[in-house]
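# A structural walkthrough
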Amino acid sequence: MITEFDTSLPSIRQVQNLIKEGASVQIKLLTGDLLTGKMIWQDVQCLCYVDDHNQQITVWKQAISYIKPIM
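Residues numbered from 1 in each chain as written. Predicted model: local features only at pLDDT ≥ 70, side-chain atom pairs only at ≥ 80, totals over all residues. Heavy atoms only, no water.

### Some thoughts on the overall build of the protein
In terms of regular secondary structure, the protein is built from one helix and five strands. Listing every helix and strand of the protein by position from the N terminus yields α-β-β-β-β-β. A compact globule built from 71 residues would reach a C-alpha radius of gyration of about 11 Å, and the protein, at 12 Å, matches this within 12%. By principal-axis analysis of the C-alpha atoms, the protein measures approximately 30 × 25 × 20 Å. Classification of the 71 residues of the protein by burial places 30% in the buried group. Put simply, 37% of the contacts in the protein that link residues at least 6 apart link residues at least 24 apart. Of the roughly 5,000 Å² of accessible surface on the protein, a fraction of 52% belongs to carbon and sulfur atoms. (Helix = DSSP H or I, 4+ residues; strand = E, 2+ residues; numbered from the N terminus. Rg over C-alpha atoms; globule rule 2.2 N^0.38 Å. Buried < 20%, exposed > 50% of the residue type's maximum accessible area, 1.4 Å probe, protein only. Contact = heavy atoms within 4.5 Å. Areas by Shrake-Rupley, 256 points an atom, 1.4 Å probe, with all protein chains shown as cover.)

### A closer look at the UniProt feature "domain: Hfq-related" (unreviewed entry) in the protein
Within this numbering scheme, the UniProt entry marks residues 9-69 as carrying the feature "domain: Hfq-related" (unreviewed entry). The span residues 9-69 is 20% helix and 51% strand, and its two end C-alpha atoms sit 19 Å from each other. (UniProt positions renumbered as here; feature names shortened; annotations may be inferred.)

### What to know about the nonpolar core
Core analysis: the largest hydrophobic core is formed by 13 residues, its most contacted members being Ile27, Met39 and Val59. Contacts of Met39, omitting those with residues within four sequence positions, involve Val15, Leu18, Ile19, Ala23, Val25, Ile27, Leu47, Cys48, Tyr49 and Ile67. (Core = buried A, V, L, I, M, F, W, Y, C linked by side-chain atoms within 4.5 Å.)

See below:
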């Protein structure tokens, strides 16, 4: 289990850039569920995004299949 937030990892930097840019993203979970919104923060274990209804939702990173920016 990762216990420190390692900002030297490309995946961490990529998500931080998406947060900073306020980009809309599509998050696919391992269950097949598809989530859309804007990510607002991440930590070692989770990330949080805001959906179209302005609701904040926290997702465990281990549940994510992929994160894709929506153009």
